[in-house]
Amino acid sequence: MKNSFFHICYGFVLLTVLLAGIQVSAKFAPARAGGLVPAESLVTARQMELASPWREQDEQALYTCLQRARARKKMTAAFIGGSITKGKMAEGTKDGMFNEKLSYVEYFARWWQDSFPQIDLDVVNAGISATDSYLGVHRVQKDVLDKNPDLVVVEFAVNDQDTDLHKQAYENLVRKLLDADSKPAVLLLFTSRVNGENCQDAQAQIGEYYHLPMVSYANVMNDMLRHGIYTAGQLSGDGVHPSALGSAVIGELLARYMDGIFQKEAGSIQAGTRPSVYMTSREYEHAGILSCRELDINHMGTFRKVNKSRYFPGNLESSSGSGGLEFTVACKNLGFLYVRQKDGSGGQFDVYVDGSRVSEINADNYGAHNNQPGTVSCFFSEKKSRHTVRIVKKKGSAGDELILYGVLVSE
């Protein structure tokens, strides 16, 4: 009773402080294992239901992670996604209420540390701005699975499109995680632009097929906007990236979702059977990124070796001339990772495979705030074989420059 009285008083004082406009910290309250609720709760019980409306989710892997943490074992939590996962925030009009502005990854990591103070927690943040699940499925082995994670959160709902390419890539990414040697628990997170644009429906189909736990900030954000609880400017300063407030909401959703699983009895944990057949295809079952240093180059043309990326070292650049890069590669499917230039210098380059034009690389992204990584899927075949690839600047190209970060291949 004393504890209950204390929490009621604390909540009343906190509400009074907020109404007075005094800044408070977004930090979660100290937690007991399995009992964490943020001191300043931003999400209602009804919204928690909206955050995860899917049924028959297999919670066993997450429950096992939590039991391992309670036994004070070493844990590795990995996060793969775009700029929201990386930690980019846009200033919102209500961010002054926070003394400490944390990304959702930082909130979630704090939940683990507060709930299990003795745990040896390693956080792997594999978020890269402006990237999608097509690039994600090619880099997940090196960036995530090589770290032997116990838990992986996947966030690509904003950067993916509702296309067959992204649906295939997303499913193959999920399968690679589920088939990994460390057998990590996989949690799907659906973020959204404030205008409601996201790829949640297509990705949730994959999640339902594999009975995976899923948490939707998109559903909760839309509910908050619809009922006037917060405005778009409070949840996001640019319409895409969450503000400090939006990040705190995502963090609370994940923490309370995990807390709910932890409080369950072992016999009440839902389990599902993973299907053996792919929902889409196995196109990217064995996918990876070849550094330009690894290419078997026949002709450099006007390209030269450079290092422009700390994420993807060993690049090639053509800043003038016709291009003319030629190399051979053994693969089934082929794509490119390159730079989309913000200053208008990026050009358009034709891609030829075995003498036939198959696609175009458009490196122009004039007017963007930053140079961004770009990807293009160029070539598909039924089986792995050796191909000759040639890249030539397109006639009438608006710009002259192309920087290749790497070649995306699957076998």
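Attention here is on the structure that accompanies the text.

What counts and how
- Residues numbered from 1 in each chain as written.
- Predicted model: local features only at pLDDT ≥ 70, side-chain atom pairs only at ≥ 80, totals over all residues.
- Heavy atoms only, no water.
- Salt bridge = Lys/Arg side-chain N within 4 Å of Asp/Glu carboxyl O.
- Helix = DSSP H or I, 4+ residues; strand = E, 2+ residues; numbered from the N terminus.
- Buried < 20%, exposed > 50% of the residue type's maximum accessible area, 1.4 Å probe, protein only.
- Contact = heavy atoms within 4.5 Å.
- Pairing = 2+ DSSP bridges.
- Axes fitted to C-alpha atoms, helices over the stretch in contact; angles between N-to-C directions.
- Parallel < 35°, antiparallel > 145°, perpendicular 65-115°, else oblique.
- Nonpolar A, V, L, I, M, F, W, Y, C, P; charged D, E, K, R; others polar.
- Left-handed = near helix turned anticlockwise from the far one by under 90°.
- Polar contact = N/O pair within 3.5 Å; in protein donor to acceptor, adjacent residues only side chain to side chain.

With that settled, consider the pattern of salt bridges. The full count for this structure, using the stated rule, is 19 salt bridges. The closest approach of N and O atoms between D150 and R68, which form a salt bridge, is 3.0 Å. Taken together, the positions of D150 in the loop between α6 (133-143) and β3 (151-155) and R68 in helix α3 (residues 60-70) put the pair 82 residues apart, joining distant regions of the chain. Take D150: its relative accessible area is 15%, and that puts it in the buried class.

Tracing the backbone through its elements, the reader meets R139 in helix α6. Classification of R139 as buried rests on a relative accessible area of 2%. Once residues within four sequence positions are removed from consideration, R139 is found in contact with I80, G81, A126, G127, I128, T131, V144, F156 and I289.

One open sheet accounts for five strands, arranged β7-β10-β15-β12-β13; its pairing is antiparallel. Sheet topology places β7 (296-299) and β13 (356-362) at the edges, where each strand pairs with a single neighbour. Each strand axis lies, on average, 25° off the axis of its neighbour in the sheet, ignoring direction. Looking at chain direction, strand β12 (residues 348-353) and strand β15 (residues 385-393) are connected through five bridges and run antiparallel. Directly across from F349, in β15, lies its bridge partner K393.

This paragraph deals with the packing of α3 against helix α11 (residues 244-262). At a minimum axis separation of 9 Å, α3 and α11 run at an interaxial angle of 80°. The angle between α3 and α11 places the two elements in the roughly perpendicular class. Of the residues in α11, those in contact with L62, Y63, L66, Q67 and R70 of α3 are Y257, M258, I261 and F262. Class assignment for the residues of the contact of α3 with α11 results in seven nonpolar, one polar and one charged.

In this section: the packing of helix α5 (residues 104-115) against α11. The N-to-C vectors of α5 and α11 enclose an angle of 35°; their axes lie 8 Å apart at closest approach. The two elements α5 and α11 meet at a crossing, and its hand is right-handed. Between α5, through Y104, Y107, F108, W111 and W112, and α11, the contact on the second element is made entirely by S247, A248, I250, G251, L254, A255, M258 and D259. The residue makeup of the contact of α5 with α11, split by class, is ten nonpolar, two polar and one charged.

Let us look at α6. With respect to burial, α6 is a largely interior element, nine of its eleven residues being buried. Inspection of α6 places S133, Y134, L135, G136, V137, H138, R139, V140 and D143 among the buried residues, and these make up the whole buried set. Of the residues that open α6, the one with a side-chain oxygen 3.3 Å from the backbone nitrogen of Y134 is D132.

Attention now goes to the sheet that holds β3. Read from one edge to the other, the open sheet built from five strands follows the order β2-β1-β3-β4-β5, with strand pairing classed as parallel. Since the sheet does not close on itself, it has two edges, and those belong to β2 (120-127) and β5 (214-216), each with one partner. Adjacent strand axes in the sheet meet at a mean angle of 15°, parallel and antiparallel pairs treated alike. Sheet topology note: the strand β4 (residues 185-190)/β5 ladder contains three bridges and is parallel. The residue bridging L189 from the neighbouring strand is V215, located in β5.

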